[in-house]
Number of protein chains: 2
Amino acid sequence: MNSIQITDTFFSKYRELVRKEMIPYQWKVLNDEIAVNIERERNDDTIPNEKSHCIENFRIAAGRSQGHHYGWVFQDSDVYKWLEAVSYSLKEKPDAALQKLADSVVDLIADAQEDDGYLSTYFTIEAPQRKFRDLAESHELYCAGHFMEAAVAYHEATGNETVLATARKLADCIYRWFSPEEMAHPGADGHEEVEIGLMKLYHATGEKRYLKLAKHFLEERGKNPDFFREQRSSEENYIALLNGVDHFPLSYFQWHKDIYAQDTAEGHAVRLMYMCTAMADVAEATGNSRMYEACRKIWRNIVDKRMYITGGIGSTVTGESFTFDYDLPDDTMYCETCASVALMFFARNMLKNETRGEYGDIMERALYNTVLDGMALDGRHFFYVNPLQVLPEASAKDPGKSHVKPVRPEWLGCACCPPNLARLLASLEKYAFHEYKGAVFADLFMSSSAQFGTLSVVEKTRYPWEEAVTFTLDSSDTAEHAFAVRIPSWTSWGKGVTLTVNGAHCDLPAPGQIICCPSAAGDVLCFSVSEGYLYIRGQFRQDTLELTFDMPVVKMAANPAVRSENGKVAVMRGPVVYTLESADNGEGLYRLFLRDDTDFSYEFKKDMLNGVGVITGKGYRIAGAVCGESTPADTPLYAPYTDETEERAEQVRLIWIPYYAWANRGKGEMAVWIRQK
Amino acid sequence: MNSIQITDTFFSKYRELVRKEMIPYQWKVLNDEIAVNIERERNDDTIPNEKSHCIENFRIAAGRSQGHHYGWVFQDSDVYKWLEAVSYSLKEKPDAALQKLADSVVDLIADAQEDDGYLSTYFTIEAPQRKFRDLAESHELYCAGHFMEAAVAYHEATGNETVLATARKLADCIYRWFSPEEMAHPGADGHEEVEIGLMKLYHATGEKRYLKLAKHFLEERGKNPDFFREQRSSEENYIALLNGVDHFPLSYFQWHKDIYAQDTAEGHAVRLMYMCTAMADVAEATGNSRMYEACRKIWRNIVDKRMYITGGIGSTVTGESFTFDYDLPDDTMYCETCASVALMFFARNMLKNETRGEYGDIMERALYNTVLDGMALDGRHFFYVNPLQVLPEASAKDPGKSHVKPVRPEWLGCACCPPNLARLLASLEKYAFHEYKGAVFADLFMSSSAQFGTLSVVEKTRYPWEEAVTFTLDSSDTAEHAFAVRIPSWTSWGKGVTLTVNGAHCDLPAPGQIICCPSAAGDVLCFSVSEGYLYIRGQFRQDTLELTFDMPVVKMAANPAVRSENGKVAVMRGPVVYTLESADNGEGLYRLFLRDDTDFSYEFKKDMLNGVGVITGKGYRIAGAVCGESTPADTPLYAPYTDETEERAEQVRLIWIPYYAWANRGKGEMAVWIRQK
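Here we summarise the structure given alongside this text. (Residues numbered from 1 in each chain as written. Chains lettered and ligands numbered in written order. Predicted model: local features only at pLDDT ≥ 70, side-chain atom pairs only at ≥ 80, totals over all residues. Heavy atoms only, no water.)

## Concerning the state of the cysteines
All names here are of chain A. We count it as follows: Cysteine sulfur atoms that come within 2.5 Å of each other are treated as a disulfide pair. Secondary structure elements are defined from DSSP: runs of H or I of at least 4 residues count as helices, runs of E of at least 2 residues count as strands, and each element is numbered from the N terminus. Residue exposure (1.4 Å probe, protein chains only): buried if accessible area is under 20% of the type maximum, exposed if over 50%, otherwise partly exposed.
Under the definition given, this model contains four disulfides over all chains. With a sulfur-sulfur separation of 1.9 Å, C506 is cross-linked through a disulfide to C517. Of note, the bridge from C506 to C517 carries an S-S torsion of about 85° and is right-handed in sense. Of this pair, C506 sits in strand β12 (residues 504-506) while C517 sits in strand β13 (residues 515-518), placing them eleven residues apart in sequence. Judged by relative accessible area, which is 1%, C506 ranks as buried. Disulfide partners in chain A, listed by the sequence order of the bonded cysteines, are 1-3, 2-4.

## Some words on the sheet that holds strand β16 (residues 543-549) of chain B
Residue and element names in this part refer to chain B. Test applied: For two strands to pair, DSSP has to find at least two bridges joining them. Axis definition: a line fitted to C-alpha atoms, limited for helices to the stretch in contact. Angles are taken between N-to-C directions and run from 0 to 180 degrees.
One open sheet accounts for seven strands, arranged β1-β7-β8-β9-β16-β11-β12; its pairing is antiparallel. At either margin of the open sheet sits one strand with a lone partner, and together these are β1 (3-6) and β12 (504-506). Across the sheet, the axes of successive neighbouring strands diverge by a mean angle of 20°, strand direction being ignored.

## Thoughts on the packing of helix α3 (residues 76-92) of chain B against helix α4 (residues 96-112) of chain B
All names here are of chain B. Applied cut-off: Left-handed describes a crossing whose near helix is turned anticlockwise from the far helix through less than a right angle; right-handed describes the clockwise counterpart. Residue contacts are counted whenever heavy atoms from the two residues lie within 4.5 Å of one another. In this count, Pro and Cys sit with the nonpolar residues alongside Ala, Val, Leu, Ile, Met, Phe, Trp and Tyr, while Asp, Glu, Lys and Arg are called charged and the others, Gly among them, polar.
Between α3 and α4, the shortest axis-to-axis distance is 11 Å and the interhelical angle comes to 145°. Once α3 is placed against α4, the crossing between them reads as left-handed. In this structure, α3 uses V79, Y80, W82, L83, V86 and L90 to contact α4, whose residues at the interface are L98, Q99, L101, A102, V105, V106 and I109. Across the contact of α3 with α4, the residue classes tally to twelve nonpolar, one polar and no charged.

## Quick word on the interface of chain A and chain B
To be explicit about the condition: Here the quantity called buried area is the accessible surface, traced with a 1.4 Å probe, that two parts lose on coming together, added over both. We define a salt bridge as a side-chain nitrogen of Lys or Arg found within 4 Å of a carboxyl oxygen belonging to Asp or Glu.
If you look at the interface, chain A gives 61 residues, while chain B gives 61 residues. For the pair chain A and chain B, the summed buried area comes to about 5000 Å², and 61% of that belongs to carbon and sulfur atoms. The largest contributions to the chain A side of the interface with chain B come from L637, Y638 and Y641 of chain A, which together make up 17% of the buried area. For the pair chain A and chain B, the number of links is zero salt bridges. Secondary structure elements with two or more residues in the side of chain A that touches chain B: α12 (289-305), α15 (392-397), β17 (553-558), β23 (638-640), α19 (644-647) and β26 (674-676) of chain A. When residues of the side of chain A that touches chain B are assigned to their parent elements, the largest contribution, five residues, is made by β17 of chain A. Looking at the side of chain A that touches chain B residue by residue, the classes come out as 33 nonpolar, eleven polar and 17 charged.

## Here's the deal with the relation of the copies chain A and chain B
Stated formally: All copies are superposed by least squares; the fitting set is the C-alpha atoms of residues with a pLDDT of at least 70 in both.
When chain A is fitted to chain B, the best match, at an RMSD of 0.0 Å, comes from turning it 180° and sliding it 0.0 Å along the axis. Both copies are brought into coincidence by an operation consistent with a two-fold rotation axis. Minimal C-alpha separation from the rotation axis in chain A is found for K677 of chain A, amounting to 3.4 Å. Here 100% of the interface residues in chain A have copies in chain B that are interface residues too; the copies meet face to matching face.

## Side note on the environment of G267 of chain B
All names here are of chain B. Relative to the assigned elements, G267 resides in the loop between α10 (227-234) and α11 (269-286). For the pair G267 and S321, spaced 54 residues apart in the sequence, the C-alpha separation amounts to 4.7 Å. Other than its neighbours up to four places away in sequence, G267 contacts S251, Y252, Q254, E320, S321 and F322.

## Thoughts on the side chain of N31 of chain A
Residue and element names in this part refer to chain A. Definition in use: Under the rule applied, a polar contact is a pair of N or O atoms within 3.5 Å (in protein, one hydrogen donor and one hydrogen acceptor; residues adjacent in sequence only if both atoms are side-chain atoms).
Residue position: N31 is located in the loop between α1 (9-30) and β2 (38-39). Here the side chain of N31 touches R59 through a polar contact of 2.9 Å, side chain to side chain. Excluding anything up to four places from it in sequence, N31 contacts I55 and R59.

## A few points about the pattern of salt bridges
Tallied over the entire structure, the rule returns 92 salt bridges over all chains. Its salt-bridge partner being D361 of chain A, residue R486 of chain A comes within 2.5 Å of it at the nearest N-O pair. A residue pair is termed long-range when its members are at least 10 positions apart, and R486 of chain A in strand β10 (residues 481-486) and D361 of chain A in helix α14 (residues 357-373) qualify at 125 residues. In this structure, R486 of chain A and D361 of chain A share a single accessibility class: buried. Two residues, E92 of chain B and R15 of chain B, come together in a salt bridge whose shortest N-O distance is 3.4 Å.

Structure follows, in structure tokens:
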């Protein structure tokens, strides 16, 4: 992969927000220049009280300042993720002032690193005697992994050698302590992540020990069920670093079985996604089909039975975890932003092992829905939880829904989601294309300009609003190139895909068939369809391929086993899930239902919500008391059923907006799923 | 009220279970003769570990034994409620051995009482310096109130003077400390209850100070919002007696406003019900219409907007509390047994102030549904939470539903519900009839034989299965008597009420109308309908009144504002709510729905579930994957909606059993509400 420039207006807006809003804003928070209004997700006294103290922690650890550590035990990771986002941002758009700032942060981190390579400000400052002794809670390796990811990115973007050296020194320190050969110290981090970082360091340096250590940590999980407990009991005066973690079941940490035996998605969703992301990377790097198969089992369980239509994952706030098959409540779900970002990481790494359109389908579903939902259109407010149904009164008064916010808070008590969004969006090109076995694959669609060796690709599209994606392929040599375009599975809901090659219609081949159509150079390009991709082979000379993905508005139903959505439908168009807001449809969304006469219309509205597709259709509204109004004297709480209630429902014109764009017009109700009669 | 004997087979079974099972069993638990398998509702280290230690606590406090207090800070109340149930049981059926045991318990309690009248074993044994200093958590007055209730009942049943003297000494001790006149010490108990006990003591003794103190405690609530916090801060070395109580909002304790300003049902449901029960009693005793109006506001809010169809109350496990209007989720609700028992207490005391059929309607709805649901048919297993929908897998794997049990546990970590059930069922006659302004009212229907002064009433019925209730009224004098029978509001769902007087049909009067029909003595009895009651006036000479309450099987719908029941119906017949179980209908109850062709049948099955009415009707079942099965290859998680799924649903014959009788045939699914197309 040589270079990819994203020129797409849809995503450029977001990448610009990352660059102009999120990166500077987050710096101010990390550097305590801003005190923010933190949304307390839980009544938890360990949630810091409006200052980050992240950079100050490093200054103290580096001996440049005095004082105590403040904040979460994993506070360090905030600046690492910031640095990673900065790296991608600088790569896209150099910025001398920002680079100078980042360089100084790198120097500070290096200073805070201990002589043996150890790096974690909490333990350096407060509890050196507890290093590596509370892996269930310490997040030492978790933070290390995020630093490694940032270091590789920053080195790649700027050539800064200090950052890479610091990361290697840290990895070497960890290697010595956990030494797989000697099994000097068993165990792994309660929060998977270092494995991802080690793999990135391995790819960047070629150092095989990092690969070995990543694989080792993955295979340590579940080996000794008592590991965390034994660590706690062996400490004199053990004090919790994170309240309540010792009450979580082993599955929370994916520690209930070894990774090869895990066949369902269990526990904390972000932890699981990081584990799978690393497993998929290790599987490819070692050619380990057994590990890839383990990834496949978990992948299948999520996609078939434990994922929300928005690509959200995590059904419960307790442990921010999965629950069980088909348990997808839409009012108490978790659907953490970080978890869907990490689902994209997982999918992307699966593509390293095997070509399947489904991996791109899920990346796309997560991206256009839950991931983008994590950020307000102003780039300054964020969701931790991405719900499918919201009633502000319930968020306020039902303790079981206090984690479901009706508007995005300004910042978050646990600030992991915004930086995850930032680094993903700033490096989106890595998810748009991939190379595999000599072919170049387009997985996500956005206007861009890319060079893959001698193959150049220029892509133009107004996706996800318009159906056409046009590729102009060119190569500067005479080799035959292979270029593949993912065919989204949702194209089967409509009339499918139309292909125009150099201005002329070209039939889409059936599976197993090869169709060749004239190339720009007077030769032919040959097309085949396999595993959800359209392959194009030939010598490219400014060849234009225009694909039109039919995007009807579709009512979606869930598998009947998804109890919460029995009798309901959701609306989609292409990859985008749409939703109802009370801002457009009045209060009492629960009173609405559809019949078979919905008759959808679609229209792009450029001045609404930064430019969105809007869907309208015929719906029905039941009369009767709503929250806050008095009960009409003739509407008791319970009364004999009559079908008149629905027969007399008034017809209304309903308006759906893209799910990701909700909660940008103040506080109100929202509902993805609506009753269908 | 002179004497009432319940001869009813339906309730006699339960009263016998109380006498033969619950009372002896509970004694064994209290006396540590049995170690029980306690269901832990919450991960709370203060939950005792399988022994009660209740009686032992009293022995230690009395100096008859050595050791520490063990158990909840309110553990004492368990034996008080047991004693109260024993009292009612002895009244119905003398038992010398039981009375001897109870006498010895009374003596033990008196011994455990301190010289100044103070009584609470926890503080006597462990923390005398903290008496009355932690009213948010201590439950000192809560326990005192339960003892007063027990004392009055035991004295009434057996004439035991020690118990009444002990209770008076306790009440006097509390009076001195909290002395309304001197406001020596402000505040009230975090858990309302002493007010109920004081009122019972007042009614039994005529001592006006007890009435005054009850009113005082009620009016203290909400006066000083900081009261509990100030108590905690004023203590050196404050240690929580109950984890987490200091995190609850003021509304949990009904302390957010003074009682006259509270117009919605807020906070912990049992606390609120005890508060209202006492308020209604005080209102009547003092002729305080302002306090009665305060009761009315809360009553209206519950009945119109915050009650489940089963008479359950409490929408959230967090704080075991109400949430907001129309927020009645049927899978995460609380519906604590104690709360519905106390709803009956509240309704009963409202009848002291005003005659309204609605009070009896709600008593009846709670009794035949949530209250009876609290006990298994074997009398040895109990529910704390009475759900409207259960999926065993969800109870096991969704932390948000861990409080919802699919089978009744053997005993409960917090054992308040079984004794509450016991004392209610053992004193049921007090709820069946009441006297008011010279008339006798029949509020609940059960075969019985009662004497009210010179009026004798013999009632025969097979309610709630059969529609006829027959009263034989007789008096030994020439006075005109007034007898009133509640006309259940559900009779308006069917053909209403038919009246036969001394074998001949008698029209039911319209409101405002008086109709007279021949009496047995050759005179007339005159009938009028008012406030939900049928009044009969005349000289009774073995007059027979037969009322037939038409009981069709009815589909019930909830107010559209009840979001969780949009598009669903529940089935009722008379006062009984019916429900579906997987034991009768197969797994996957969520796959079922009804159309307009349900065509119900009803049949009484005497050999099933101790004899129950059973309802059958036509329903439909959607095919497709259910929990635990693999996804069929053609049933993806999300796919375009098609009405074929429901069009191709198979017809099935569904079976409904009474809600209270569910979970008596092993672990399975249950659902009160079902989708209606």
